[in-house]
Amino acid sequence: MSEYVLMSGNEATAEGGIAGGCRYFFGYPITPQNKIPEYMSRNLPEVGGVYLQAESEVAAINMVYGAASTGARVMTTSSSPGISLMQEGLSYIVGAEVPCVVVNMVRGGPGLGNIGPAQSDYWLATRGAGHGDGRCLVYAPYSVQELHDWTARAFEIAERYRNPVMILADAILAQMIEPCKLQPRGQPPPLDKPWAIGGDSSERPRNIINSLYVNHDEEEAVNRRIQARYDQAARDDLYYSEYGDEDPEILVVAYGICARVCETAVERASEGGVKCRLLRPISLFPFPSEPLAQWAQLAHKALVVELSMGQFVEDVRLAVEGRCPVELLNRTGGNVVTPEDVTQKLFDMAAES
Amino acid sequence: MREELFMAGTGGQGALLAGQVLTQAVLEKGLNVSWYPIYSPEVRGGTTSCAMVITDGHVGSPISGRPTTVILMDARSVQQHIERTAAGGVALVNASLAHEMPPVSDVRIVEVTGTDIAIGLGNERTTNMVMLGAYIGLRPVVTIEELARALEAVLPERHRRFLDLNIRGLQAGLETCQEATDDT
Amino acid sequence: MSKSTHIDTDNMEAIYHKPEAFTETPMRYCPGCTHGLAHRLVAEVIDELDIQHRTICIASVGCSVYAYEYFATDATQAAHGRAPAVATGIKRVRPDNIVFTYQGDGDLAAIGLAEVVHAAARAENFTVLFLNNAVFGMTQGQMAPTTLLGQKTTTTPQGRSIERGGYPLNVCEILATIPGVAYLARETMTSPKRVMHAKRSIRRAFEAQIQGLGFSLVELVSSCPTWWGLKPLEALKHIEEKMLPQYPLKVFVDKVSQASEAVAEGGD
């Protein structure tokens, strides 16, 4: 185990950014993710990078926009109220077609809420990127190791689609400590992207990073171009994992921390004679609708487990399209669902059929 | 083997640090482990707790509704959390600060005068190590030598001077608990 | 002049031409608006300092939103008020590029006040061109933070009152208290002399950036004949008579001079 180090999700995320070639970080403190900016403030200067504490999340995301316009690998991290403030900047980043990585360690809400774990920013993450037709590509790790690996990988995905990638986790994943195998610190690619501003523009056409298209047809063409990238991501960068029985009675659907809880519950239900399959979307947008629909065809019923009043469940129902009934087990406000809760629910559902 | 441990106390009692030391020792031993802190909003003096899963298999849920062992370091923690203990589980209680036990069934309560022992060693702040030493007396997931090595790795530089004291705390806890275990 | 005499243009010296730092795109400003003149001064300075191919223009939201179409440099366009934050991001990656934002008073003094103040506090090494015409132009003439007391706008139909609209905000006077500011001046363009003085300040601001001295800003007290309801020349008179008493012309901070004096003294 010596290649593993104990790390919090926050630290593993920060180190994942550096491993992924991120050299620019602009952020604003908010619990429960403050260990990320603290880590970046110590470590980025060591690799020749820049850490800057902005005056607000509004400013931070616009600094990200500026840095992203130069082709640099740049990220910011925050938690729910801060992510609300970043929506304006995200919309410009999507519209201007520049890549960046944003991490949201979701906390209880609405309003100031609390610093407990939650998944109640699902809509904000998957529908968000502010106003307009744009969206973030959203990936939801479920362990400290995955936070590290997905954050590192996110930069490449963001650059492939010239679109922000959001890493969506929660207060538990942010603060929990687990063994993590760290990736080496990768070198960022050169800044000379054909679309990027900066450097010497004397030997090339000048570049403009912009999201203003007053001509309606031109704006529509941009929207269709961006959508085509999302369609491509649905083919090439769709990720999910599966766990449990091959011939399930009940299909369990959960992401992030809830998928961890469900793994243990599925094992226990299985030991108790109730066959379950856990499908865990890792990419939330694009959403793994097809595998979900296939399992829903086989199972008698489905259970969605999430830490919100019922946001993720809507995407599951859209994917399942009535192939089987879909039930919701949820806690909110910073509370968590336990394996005992889920196991009991699975036994109850099995007993009903 | 799957041990689900929950440890709670007042902020400053060191429940989180004790959990981290154990986590480090478990990692070094080659077992799978997760550690998750739960803070109250106050930086000092609120309730703090941590949840750990120690297993030779897949960790799965880092959260447990019914931990197999709870370590409760003060009266408030006992009142709030002793009922969570799984049927057949163990509640290890700091009897120096908690005198009344809510009624629980099918839980073995082990009382250790952690704070008194720590004061006897010269520093009340090593109560967490006394309780951790007692814990490995009850659940030998790691040895005291492994905990001592983990302490070295986990203790921040500025607290290195407390290393000896902490190891003596672990030792005293372990001995006390072996006695307590022998008694029951 | 009207007689058709032959003019030998080949042997004439060009004394006035389109700056290299301008594109061929015609500007869309209203007749009598001073944005075009302000743009020209910036473009001339870019030419004179020979920095066109390492300059990045950040357009803001307002009448000057199309600045990226007019300046023949790399460019980006920022959300309302956020240009100093975007400039910060760019400059931190590309410290060797010359970065300037071009912002109006709605953009900079209302929604973007936090961004500009904090950029100054961090001594961010870029230049801000701040056009103050005391009105939201592009959104059709609403009150701005810089609107004068008594000034009629589409949202102060009776004139700005203290009770309803509060006091005009003097941005330069606020920024002058911040140590991170390297060059800070308020200018106007109501006469050839004032135009030349404004250009000198703009050049100084860019020089401050080139020398790495920190944050620089030039406020240009400007006219908006359209929303002031005045003819262009009346609007310039309005600047002299009404605007300047509220926004007096001044070089607030000039560390470029201090720096060159220090160099000169060091040379002795």
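Small disclaimer: the values here were computed from a predicted structure and weren't measured.

Criteria and cut-off values
- Residues numbered from 1 in each chain as written.
- Chains lettered and ligands numbered in written order.
- Predicted model: local features only at pLDDT ≥ 70, side-chain atom pairs only at ≥ 80, totals over all residues.
- Heavy atoms only, no water.
- Helix = DSSP H or I, 4+ residues; strand = E, 2+ residues; numbered from the N terminus.
- Rg over C-alpha atoms; globule rule 2.2 N^0.38 Å.
- Buried < 20%, exposed > 50% of the residue type's maximum accessible area, 1.4 Å probe, protein only.
- Patch = residues over 30% accessible without salt bridge, like charges linked within 9 Å, V, L, I, M, F, W, Y side chains within 5 Å.
- Areas by Shrake-Rupley, 256 points an atom, 1.4 Å probe, with all protein chains shown as cover.
- Salt bridge = Lys/Arg side-chain N within 4 Å of Asp/Glu carboxyl O.
- Pairing = 2+ DSSP bridges.
- Disulfide = S-S within 2.5 Å.
- Core = buried A, V, L, I, M, F, W, Y, C linked by side-chain atoms within 4.5 Å.
- Domains from an automatic or database assignment.
- Contact = heavy atoms within 4.5 Å.
- Polar contact = N/O pair within 3.5 Å; in protein donor to acceptor, adjacent residues only side chain to side chain.
- Buried area = accessible area lost by both parts, 1.4 Å probe.
- Nonpolar A, V, L, I, M, F, W, Y, C, P; charged D, E, K, R; others polar.
- Phe/Tyr/Trp six-rings, centres within 6.5 Å; stacked < 30°, edge-to-face > 60°.
- Right-handed = clockwise from strand over helix to strand, strands pointing away.

Quick word on the overall build of chain A
Counting its secondary structure elements, chain A contains 13 helices and 15 strands. Its C-alpha atoms give chain A a radius of gyration of 21 Å, within 12% of the compact-globule value 20 Å for 353 residues. Expressed as lengths along the three principal axes of its C-alpha atoms, the size of chain A is roughly 75 × 50 × 35 Å. Burial status across chain A gives 63% buried among its 353 residues.

Regarding a nonpolar patch on the surface
All names here are of chain C. On the surface, Leu-149, Ile-162 and Tyr-167 cluster together into a nonpolar patch covering about 300 Å² of accessible area. Within the fold, Leu-149 resides in the loop between strand S4 (127-132) and helix H6 (162-165). Take Leu-149: its relative accessible area is 42%, and that puts it in the partly exposed class.

Observations concerning unusual backbone geometry
For the bond from A:Thr31 to A:Pro32, the omega torsion is 10 degrees, close enough to zero to count as cis. Note that A:Pro32 resides in the loop between strand S2 (24-27) and helix H2 (35-43). For the bond from A:Gly109 to A:Pro110, the omega torsion is 5 degrees, close enough to zero to count as cis. Tracing the chain through its elements places A:Pro110 in the loop between strand S5 (100-106) and helix H6 (122-127). Despite not being glycine, A:Arg162 shows a phi value in the positive range, around 45 degrees. Even without being a glycine, B:Asp106 presents a positive backbone phi close to 55 degrees. Structurally, B:Asp106 can be placed in the loop between strand S5 (89-94) and strand S6 (107-112).

Quick notes on the pattern of salt bridges
Summed over the entire model, instances satisfying the criterion amount to 41 salt bridges over all chains. Linking A:Glu88 and C:Arg82 is a salt bridge whose minimum nitrogen-to-oxygen distance equals 2.9 Å. Highlighted residues: A:Glu88 in helix H5 (residues 87-96) and C:Arg82 in the loop between strand S2 (74-77) and helix H3 (83-93), drawn from two different chains. Judged by its relative accessible area of 22%, A:Glu88 is partly exposed. One salt-bridge network, held together by shared partners, links C:Arg40, C:Glu44, C:Glu48, C:Lys199, C:Arg203 and C:Glu207.

Remarks on the sheet that holds S2(C)
If you walk across this open sheet you meet the eight strands as S9(A)-S2(C)-S1(C)-S3(C)-S4(C)-S6(C)-S5(C)-S7(C), and the pairing is mixed. The sheet is open, and its two borders are formed by strand S9 (208-209) of chain A together with strand S7 (250-254) of chain C, each paired with just one other strand. Across four bridges, strand S1 (residues 55-59) of chain C lies against S2(C) in parallel orientation. Paired with C:Cys57 across the bridge in S2(C) is C:Ala75.

Some details on the state of the cysteines
Residues and elements named next belong to chain A. All chains considered together, the criterion is met by zero disulfides over all chains. Here Cys-180 stays free of any disulfide, with the sulfur of Cys-22 as its closest cysteine sulfur at 17 Å. Note on Cys-180: relative accessible area 0%, which makes it buried. With no disulfide partner, Cys-276 has as its closest neighbouring cysteine sulfur the one in Cys-262, 9.4 Å distant.

With respect to the nonpolar core
By size, the foremost hydrophobic cluster in this structure holds 163 residues, and its most contacted members are A:Val342, C:Phe215 and C:Leu217. Residues lining this core come from more than one domain, with at least three contributed by each of domain 1 (4-236) and domain 2 (241-352) of chain A. B:Leu22, B:Leu31, B:Met73 and B:Val141 belong to the second largest nonpolar core, which has 47 residues in total.

Quick look at the environment of B:Asp74
All names here are of chain B. For Asp-74, the location among the structural elements is in the loop between strand S4 (69-72) and helix H2 (75-81). It is 9.0 Å that separates the C-alpha atoms of Asp-74 and Gln-13, two residues lying 61 residues apart in sequence. Not counting residues within four places of it along the chain, the set of residues in contact with Asp-74 comprises Gly-9, Thr-10, Gln-13, Leu-97 and Ala-98. At 2.3 Å, the side chain of Asp-74 and the side chain of Thr-10 are in polar contact.

Concerning the interface of chain B and chain A
At the interface, 24 residues of chain B touch 25 residues of chain A. Carbon and sulfur atoms supply 66% of the area that chain B and chain A bury against each other, a total of about 1800 Å² over both sides. Sorting the residues of chain B by area buried against chain A places B:Leu27, B:Tyr36 and B:Ile63 first, and these three jointly supply 29% of that buried surface. The salt bridge involving A:Arg268 is made with B:Glu4; its shortest N-O contact spans 2.9 Å. Summed over the shared surface of chain B and chain A, the number is seven residue pairs in polar contact (both at pLDDT 80 or more). Broken down by secondary-structure element, the contributors of at least two residues to the side of chain B that touches chain A are strand S1 (2-10), helix H1 (15-29) and strand S2 (32-39) of chain B. For the side of chain B that touches chain A, the leading source of residues is S2(B), giving seven residues. A per-class count over the side of chain B that touches chain A returns 10 nonpolar, 11 polar and three charged.

Comments concerning the interface of chain C and chain A
On the side of chain A, 35 residues touch chain C, which itself brings 35 residues to the contact. Of the roughly 2700 Å² buried between chain C and chain A on both sides combined, carbon and sulfur atoms contribute 57%. Of all residues in chain C, the largest losses of buried area upon contact with chain A belong to C:His53, C:Asp74 and C:Val93, amounting jointly to 23% of the total for that side. Taken together, chain C and chain A are joined by three salt bridges. A:Glu55 serves as the salt-bridge partner of C:Arg122, at 2.8 Å between the closest nitrogen and oxygen. Run the count over chain C and chain A and you get 17 residue pairs in polar contact (both at pLDDT 80 or more). Per-element accounting of the side of chain C that touches chain A gives the leading share, seven residues, to H3(C). Classifying every residue of the side of chain C that touches chain A gives 15 nonpolar, 11 polar and nine charged.

Quick notes on the domain arrangement of chain A
All names here are of chain A. You can read the domains of chain A as domain 1 (4-236) and domain 2 (241-352). Relative to domain 2, the C-alpha centre of domain 1 lies at a distance of 28 Å. Between domain 1 and domain 2, the residue contacts involve 32 residues of the former and 28 residues of the latter. Contact between domain 1 and domain 2 buries roughly 2500 Å² in total, counting both sides, with carbon and sulfur atoms accounting for 56%. The largest per-residue losses of area from domain 1 upon contact with domain 2 belong to Gln-119, Tyr-122 and Tyr-142, which jointly make up 34% of the total buried on that side.

Some points on the environment of C:Met189
Residue and element names in this part refer to chain C. Tracing the backbone shows Met-189 in the loop between strand S5 (181-188) and helix H8 (192-210). Given the relative accessible area of 5%, Met-189 is considered buried. Through-space distance from the C-alpha of Met-189 to that of His-6 is 36 Å; in sequence the pair is 183 residues apart.

Some words on the packing of aromatic side chains
To describe a pair of aromatic rings, you give the distance between the ring centres and the angle between the ring planes. Residue and element names in this part refer to chain A. For the structure shown, the criterion picks out 15 aromatic pairs over all chains. A ring pair is formed by Tyr-230 and Phe-285, whose centres lie 5.4 Å apart and whose planes are at 80 degrees; its orientation type is edge-to-face. Linking Tyr-230 in helix H9 (residues 216-236) with Phe-285 in strand S13 (residues 283-285), this pair joins segments that are 55 residues apart in sequence. When the ring of Phe-287 is compared with that of Phe-312, the centres are 6.1 Å apart and the planes differ by 65 degrees; the resulting orientation is edge-to-face. A residue pair is termed long-range when its members are at least 10 positions apart, and Phe-287 in the loop between S13 and helix H11 (289-298) and Phe-312 in helix H12 (residues 312-320) qualify at 25 residues.

Some points on the pairing of strand S3 (residues 50-53) of chain A
All names here are of chain A. Side chains Val-50 and Leu-52 of S3 all project onto a buried face; the interleaved residues Tyr-51 and Gln-53 project onto a face where none is buried. Pairing of S2 with S3, which is carried by four bridges, proceeds in the parallel orientation. Residue pairing across strands places Phe-25 opposite Tyr-51, the latter belonging to S3. Between S2 and its parallel partner S3, the chain crosses via H2, and the hand of that crossover is right-handed.

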